[in-house]
Structures are given as structure tokens and as C-alpha cells.
Amino acid sequence: MKISLKAPAKINLSLDVLHKREDGFHEVEMIMTTVDLADRIELTRLEENRIKVDVSEGFVPNDHRNLAYQAAKLLKDRYNVSEGVLIHIRKNIPVSAGLAGGSSDAAATLRGLNELWNLQLSIDELASLGAQIGSDVSFCVYGGTALATGRGEKIKHISAPPPCWVILAKPPIGVSTAEVYRNLKLEHLKHPNINQMISAIDNADYPLICSELGNVLETVTFKLYPQVQRIKEQMIRFGADGVLMSGSGPTVFGLVKHESRMLRVYNGLRGFCNDVYAVRVMGERYY
Ligand SMILES: C[C@@](CO)(OP(=O)(O)O)[C@H](O)COP(=O)(O)OP(=O)(O)OC[C@H]1O[C@@H](n2ccc(N)nc2=O)[C@H](O)[C@@H]1O
Ligand SMILES: Nc1ncnc2c1ncn2[C@@H]1O[C@H](COP(=O)(O)OP(=O)(O)O)[C@@H](O)[C@H]1O
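Residues numbered from 1 in each chain as written. Chains lettered and ligands numbered in written order. Predicted model: local features only at pLDDT ≥ 70, side-chain atom pairs only at ≥ 80, totals over all residues. Heavy atoms only, no water.

- Per an unreviewed UniProt entry, the chain carries the name 4-diphosphocytidyl-2-C-methyl-D-erythritol kinase and comes from Anaerobacillus arseniciselenatis.
- Here the chain is described in UniProt, under the heading Catalytic activity (unreviewed entry), as follows: "4-CDP-2-C-methyl-D-erythritol + ATP = 4-CDP-2-C-methyl-D-erythritol 2-phosphate + ADP + H(+)".
- Check the Sequence similarities (unreviewed entry) section of the UniProt entry for the chain; it says "Belongs to the GHMP kinase family. IspE subfamily." (UniProt positions renumbered as here; feature names shortened; annotations may be inferred.)

Okay, here's the thing in C-alpha cells:
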């Protein structure tokens, strides 16, 4: 038996950091939504009692460091599963990009193994197990559009944003999320208005969504990697309706309503950046 799943990327329409916690994590408030750029996960039963990972990208680890491996190990140990699995990951989402590719692979693995191993766990139970793997995994278990709080694992579903294009542009650098949080100066942040963003989404007010985009981590990543800020400036210059860095970066996304404008932004960006994608917002929950 083989199970195939889609593991979509996310973008952060708002990302605010409130304070640093005793446990070293930061208390956040984020609005996250899924887009239709996705890795493919294939889960196949193995006779041998082990977890084997096979990844299409050579530089992504295929051992215990892989987040999909960690998802399988967590379920296997907790529910005493005595059979093995081969996890094949076809990467389409750029790595270390602020798009939660690894977290989404882990989330899809949790969903898929729940079926393959007939564990009968609810989606909420899977999301809560996901939080043990990483802060973004819970959101990725559900997908859709949500307000994420705590260290990112407390999920409240909200409505999907109105349909639009999302141009993603990733400069050729990988960003360490831990390094970005470590370098964040909490004193002089310009906090995004999360409630305003939620009501803009609820009212399908596209211009307000575009004007309310905000991410406090931009201050850190732009300083560490000035080329990320330049990509943001280019995207604005080519006419995207709203532009923001996703997560800890370095991917910058631009929202665009009309196809002709989308093509202008997409083609313009390709002159500066190899990794450019034009995708759609996919903010409805799939589970
Ligand atoms: C910034 C965000 C925004 O969605 O995404 P990415 O840029 O990674 O996609 C997330 O907060 C990232 O989530 P995730 O990538 O799952 O982070 P984790 O593996 O849990 O943590 C990596 C490291 O980031 C720091 N960290 C993470 C989350 C948080 N709320 N506070 C933190 O300080 C910690 O140093 C932690 O060791
Ligand atoms: N399945 C996976 N896909 C991508 N990266 C993974 C995976 N498992 C572990 N990693 C590691 O996780 C780190 C961050 O990956 P990723 O999720 O792509 O970035 P981000 O958290 O910025 O969205 C990388 O260092 C990568 O080596």
C-alpha cells in the first residue's frame, strides 16, 4: 500500500513578536495561509522495521535530521508501530526559505501515517503531536488560513483571503530561523496590526490586506542580507499590490490581483533572481 500527499508551502501575511519567553522561544502572533507550491510525499510500507527517507534534493538530510523522519519516529514510538516505512519526498518548495517546506513535509507524514498505520488519531491530536517537531508543524497539519499564537503552535482558523496571485522570489541564500530570532531587537519594533488584518480577510478587503502586510523579522533579515530588501524594493517597483518577506526569509512574496500585472512582476523579478514562482493563494483548509 502506498499513500501520496501534497505538502504545501505557507506564507505569513502578518508576523509579530511579543516577547522572549523563559524557554528561549518567542511569543508570536502570525497570520498564516497556504499557497499552491507543494512538495509531494509518498509513504510506502516496508517489510523491514525501520524508517527510511529518500529525498529528491541532495542537500536535504535523509536521516533523523529530516523533519518527516522525526514525524514518523514520533508516531512509531508513541503507538508501538512494529512495521517500517519508506518516506519519499519530492522537494518543490525551496529549502530554508521561510516557506515551512520541512514543517509541511512533517505534517503530511503525520497525516499519511495516521492512515497507513490505521492509528485513528484526530486532526487536532496530529496537530498537537506536530508541535513537538517544530513551531510551524501544527499549522501545516491543518493548512488553510489561521491566526497562530504561542510559539506558533496554537491555531485559530480564520476565513481564506480572497483569491489572488502570489509571486515568490527567493535569493540564493538560506536563512537560519534561530539566527534571525536571536538577532531580533524587541525594543523598537513596528508591530503589524493583526486585528486589522483579520478583519480585512473576513471582509475580503483585498486592498486593506495588501496595506496591512507586516513582519517584524524583516528588520533582522534585511540587515543580515541586504539583497532581500532589494528584492522587496524590486517587487514593489514592478507593481505588486502588496509585498512582504515570508517568515524569517529570505523569500519575499508579492500579492497581485490581475494576471497581466502578475506576468509583469514575475518576468521583472526573473531578471534578478533564479528562484521565482507564480502561485495562487490556497487558503481553504484541506482537513
Ligand atoms: C519564522 C517562522 C514563521 O512562520 O517560520 P520560518 O521562517 O521558519 O518558515 C516560524 O516562527 C519558525 O517556525 P519553525 O521553523 O517551525 O521553528 P522551530 O523549528 O520551532 O524553531 C527554530 C528556532 O527558532 C527560534 N524560535 C522559533 C519559534 C519561536 N516562536 N520563537 C523562536 O525563538 C528558536 O531559537 C528555535 O530553536
Ligand atoms: N523535509 C525537509 N525539507 C526541507 N528541509 C528540511 C527537511 N527536514 C529537515 N530539514 C532542514 O530544516 C531546515 C529548514 O528547512 P525549511 O523547512 O525548508 O525552512 P524554513 O523553516 O525556513 O521554512 C533546513 O536546515 C533543512 O536542512
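Looking at the site of ligand 1
So, point 1. As a matter of local geometry, ligand 1 sits amid 23 residues, with H26, S135, T177, Y181 and S248 nearest to it.
So, point 2. One of the side-chain N or O atoms of Y181 is found 2.7 Å from an oxygen atom in ligand 1.
So, point 3. The separation between an oxygen atom of ligand 1 and a polar side-chain atom of S248 is 2.6 Å.
So, point 4. Considered on its own, ligand 1 offers 690 Å² of accessible surface; in the complex 81% of this is hidden by protein.
So, point 5. Applying the majority rule of atoms within 2 Å of the grid points places ligand 1 in the largest pocket.
So, point 6. Elements with a minimum of two residues in the shell around ligand 1: β1 (2–20), β2 (26–46) and α5 (177–182).
So, point 7. Broken down by element, the shell around ligand 1 gets its largest block of residues, 4 residues, from β2.
So, point 8. Of the residues assigned to the shell around ligand 1, the class counts are 10 nonpolar, 10 polar and 3 charged.
So, point 9. Counting contributing residues, the shell around ligand 1 receives three or more from each of domain 1 (2–157) and domain 2 (165–280). (Near = heavy atom within 4 Å. Polar contact = N/O pair within 3.5 Å; in protein donor to acceptor, adjacent residues only side chain to side chain. Areas by Shrake-Rupley, 256 points an atom, 1.4 Å probe, with all protein chains shown as cover. 1 Å grid on protein atoms, 1.4 Å probe; cavity = no way out; pocket = protein on both sides within 12 Å on 5 of 7 lines; lining within 4 Å. Sits in = over half its atoms within 2 Å of the grid points. Helix = DSSP H or I, 4+ residues; strand = E, 2+ residues; numbered from the N terminus. Nonpolar A, V, L, I, M, F, W, Y, C, P; charged D, E, K, R; others polar. Domains from an automatic or database assignment.)

Quick word on the sheet that holds strand β11 (residues 275–280)
Remark on secondary structure: sheet strands pair via backbone hydrogen bonds, oriented parallel or antiparallel.
So, point 1. Here 4 strands make up an open sheet; going across it, the order is β9-β10-β7-β11 and the pairing antiparallel. Looking along the sheet, the strands with just one partner apiece sit at the ends: β9 (242–245) and β11. Here the average twist between neighbouring strands, direction ignored, is 20 degrees.
So, point 2. Here helix α9 (residues 226–237) sits on the sheet in contact with β7 (165–170), β9 and β10 (252–256), set at roughly 10 degrees to β10. (Pairing = 2+ DSSP bridges. Axes fitted to C-alpha atoms, helices over the stretch in contact; angles between N-to-C directions. Contact = heavy atoms within 4.5 Å.)

Some remarks on the site of ligand 2
So, point 1. In the vicinity of ligand 2 lie 17 residues, with K91, G98, A100, G102 and D105 positioned nearest.
So, point 2. Here an oxygen atom of ligand 2 and a backbone polar atom of G98 are 2.9 Å apart.
So, point 3. Note that an oxygen atom of ligand 2 is positioned 2.8 Å from one of the backbone N or O atoms of G102.
So, point 4. Tallying contributions element by element places helix α2 (residues 101–116) first for the shell around ligand 2, with 4 residues.
So, point 5. Each residue belonging to the shell around ligand 2 can be placed in one class, and the counts come to 8 nonpolar, 6 polar and 3 charged.

Here's the deal with the packing of α2 against helix α3 (residues 123–130)
So, point 1. As a packed pair, α2 and α3 sit with axes 10 Å apart at the nearest point and diverge in direction by 130 degrees. Taken together, α2 and α3 sit at an angle that is classed as oblique. Every pair of crossing elements has a handedness; the one defined by α2 and α3 is right-handed. Residue-level contacts link L110, R111 and N114 of α2 to I123, L126 and G130 of α3. (Parallel < 35°, antiparallel > 145°, perpendicular 65-115°, else oblique. Left-handed = near helix turned anticlockwise from the far one by under 90°.)

Topic: the nonpolar core
As a rule of thumb, soluble globular proteins bury nonpolar side chains together.
So, point 1. One finds L43, V85, I87 and M235 to be the most contacted residues of the largest nonpolar core, which totals 74 residues.
So, point 2. No fewer than three residues from each of domain 1 (2–157) and domain 2 (165–280) sit in this core.
So, point 3. With near-sequence residues (within four places) excluded, M235 lies in contact with I167, A169, A240, V243, V252, F253, G254, V265 and L269.
So, point 4. A200, I201, L255 and Y277 belong to the second largest nonpolar core, which has 29 residues in total. (Core = buried A, V, L, I, M, F, W, Y, C linked by side-chain atoms within 4.5 Å. Buried < 20%, exposed > 50% of the residue type's maximum accessible area, 1.4 Å probe, protein only.)

Looking at the packing of aromatic side chains
So, point 1. Considering all chains together, one arrives at 1 aromatic pair under this definition.
So, point 2. Over the aromatic face of F238 sits the side chain of R237, whose NZ or CZ is 5.2 Å from the ring centroid. (Phe/Tyr/Trp six-rings, centres within 6.5 Å; stacked < 30°, edge-to-face > 60°. Lys NZ or Arg CZ within 6 Å of the ring centre and 35° of its normal.)

Things to note about the pattern of salt bridges
So, point 1. Applying the stated criterion across every chain yields a total of 12 salt bridges.
So, point 2. Residues E27 and R21 are paired through a salt bridge, measuring 3.1 Å at the closest nitrogen-oxygen approach.
So, point 3. According to the relative accessible area criterion, E27 is buried, its value standing at 17%.
So, point 4. Between R261 and D241 there is a salt bridge, and its shortest N-O distance comes to 3.8 Å. Remark: D241 occurs in the loop between α9 and β9 and R261 occurs in helix α10 (residues 259–270); sequence separation between them is 20 residues. (Salt bridge = Lys/Arg side-chain N within 4 Å of Asp/Glu carboxyl O.)

A few points about the layout of surface pockets
So, point 1. Approximately 1000 Å³ is the volume attributed to the largest pocket.
So, point 2. As for the largest pocket, its lining consists of 42 residues, of which S103, D136, T177, A178 and S248 are closest to the centre.
So, point 3. Listed by contribution, the elements that provide at least two residues to the lining of the largest pocket are β1, β2, α2 and α5.
So, point 4. In the lining of the largest pocket, the residues fall into 18 nonpolar, 16 polar and 8 charged.
So, point 5. Two domains share the lining of the largest pocket, each providing at least three of its residues, namely domain 1 (2–157) and domain 2 (165–280). (Points joined across faces, edges and corners; volume = space filled by probe spheres on them.)

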